[in-house]
Amino acid sequence: MKKYVNPLTAEPIPQSEVFEKKSNRYYLVANKTLAYAREFFDCPELEGIPLEDNGGAGSRGNHFERSLFFDEVMTPNEPWFQPRISVFSLKVLEDSGWFLPDYSLVSELSIGYH
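Below or above, wherever it landed, is the structure these notes cover. (Residues numbered from 1 in each chain as written. Predicted model: local features only at pLDDT ≥ 70, side-chain atom pairs only at ≥ 80, totals over all residues. Heavy atoms only, no water.)

**Overview of the pairing of strand β1 (residues 19–22)**
Pairing between β1 and strand β2 (residues 25–28): four bridges, direction antiparallel. Within β2, the residue paired with Lys 22 across the bridge is Arg 25. Counting the residues in the hairpin turn of β1 and β2 gives two residues, including Ser 23, whose phi is positive at 45 degrees. (Pairing = 2+ DSSP bridges. Helix = DSSP H or I, 4+ residues; strand = E, 2+ residues; numbered from the N terminus.)

The structure is reproduced here in structure tokens:
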């Protein structure tokens with residue numbers, strides 16, 4: 001999702017407020033998603049959510065890091081994979097400015113919780 005907008009004004013949000021690149025890795029720094037990650041991992045100093053740094057162009061930099069989010073639907077997955085839609089996916093959708101998700105529909109992640 002490359003175009004994030006302010007839901008109140010429909011004005012584009014600069015990419016620098018959504019993604020950040022450090023040491024050849026991209027991080028998601030969108031407000032609501034990052035705030036939730038800090039709570040989830042019990043790490044108030046967390047500066048960004050690491051995005052996948054392996055795989056091809058469809059995976060690298062476009063999905064959550066698999067080693068942290070294993071079965072989350074926004075990780076690159078295998079055909080046998082049974083992904084879960086977690087709060088993280090819905091926060092990304094909400095941060096995009098295009099959706100107001102129903103958080104009662106989420107699944108817990110199987111790993112990663114503090």
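**Re empty space enclosed by the protein**
Scanning all chains against the criterion turns up one cavity of 30 Å³ or more. Contributions of two or more residues to the lining of the largest cavity are made by α1 (31–40) and α3 (87–95). Residue composition of the lining of the largest cavity, by class: five nonpolar, two polar and one charged. (1 Å grid on protein atoms, 1.4 Å probe; cavity = no way out; pocket = protein on both sides within 12 Å on 5 of 7 lines; lining within 4 Å. Points joined across faces, edges and corners; volume = space filled by probe spheres on them. Nonpolar A, V, L, I, M, F, W, Y, C, P; charged D, E, K, R; others polar.)

**What about the packing of α1 against α3?**
For the pair α1 and α3, the least separation of the axes is 7 Å and the interaxial angle reads 155 degrees. Judged by the angle between their axes, α1 and α3 are roughly antiparallel. Between α1, through Asn 31, Lys 32, Thr 33, Tyr 36, Ala 37 and Phe 40, and α3, the contact on the second element is made entirely by Val 87, Phe 88, Lys 91, Val 92, Glu 94 and Asp 95. Of the residues in the contact of α1 with α3, the class split is six nonpolar, two polar and four charged. (Axes fitted to C-alpha atoms, helices over the stretch in contact; angles between N-to-C directions. Parallel < 35°, antiparallel > 145°, perpendicular 65-115°, else oblique. Contact = heavy atoms within 4.5 Å.)

**Regarding the sheet that holds β2**
In space, the three strands of this open sheet follow the order β1-β2-β3, with antiparallel pairing throughout. Of all the strands in the sheet, just β1 and β3 (49–50) have a single pairing partner and so form its edges.

**So, the layout of surface pockets**
Its boundaries defined by the atoms lining it, the second largest pocket holds a volume of some 200 Å³. Contributing to the lining of the second largest pocket are Tyr 4, Val 5, Asn 6, Pro 7, Ile 13, Glu 17, Val 18, Ala 30, Asn 31, Lys 32, Glu 94 and Asp 95. Mapped onto the lining of the second largest pocket, the elements with two or more residues apiece are α1 and α3. Looking at the lining of the second largest pocket residue by residue, the classes come out as six nonpolar, two polar and four charged.

**Some remarks on α1**
All buried positions along α1 are accounted for by Thr 33, Leu 34, Tyr 36, Ala 37 and Phe 40. Down the axis of α1, the sector holding all buried residues measures 160 degrees, keeping them to one side. Exposed positions of α1 whose direction lies more than 90 degrees from the buried face are Asn 31 and Glu 39. Those residues of α1 hidden inside the fold are in contact with β2, β3 and α3. (Buried < 20%, exposed > 50% of the residue type's maximum accessible area, 1.4 Å probe, protein only. Arc of directions from axis to C-beta.)

**Topic: the side chain of Thr 33**
Within the element layout of this structure, Thr 33 appears in helix α1. A relative accessible area of 0% places Thr 33 in the buried class. A polar atom in the side chain of Thr 33 sits 3.3 Å from the backbone oxygen of Lys 91. Thr 33 has contacts with Leu 28, Ile 49, Phe 88, Lys 91, Val 92 and Asp 95, leaving out every residue within four places of it along the chain. (Polar contact = N/O pair within 3.5 Å; in protein donor to acceptor, adjacent residues only side chain to side chain.)

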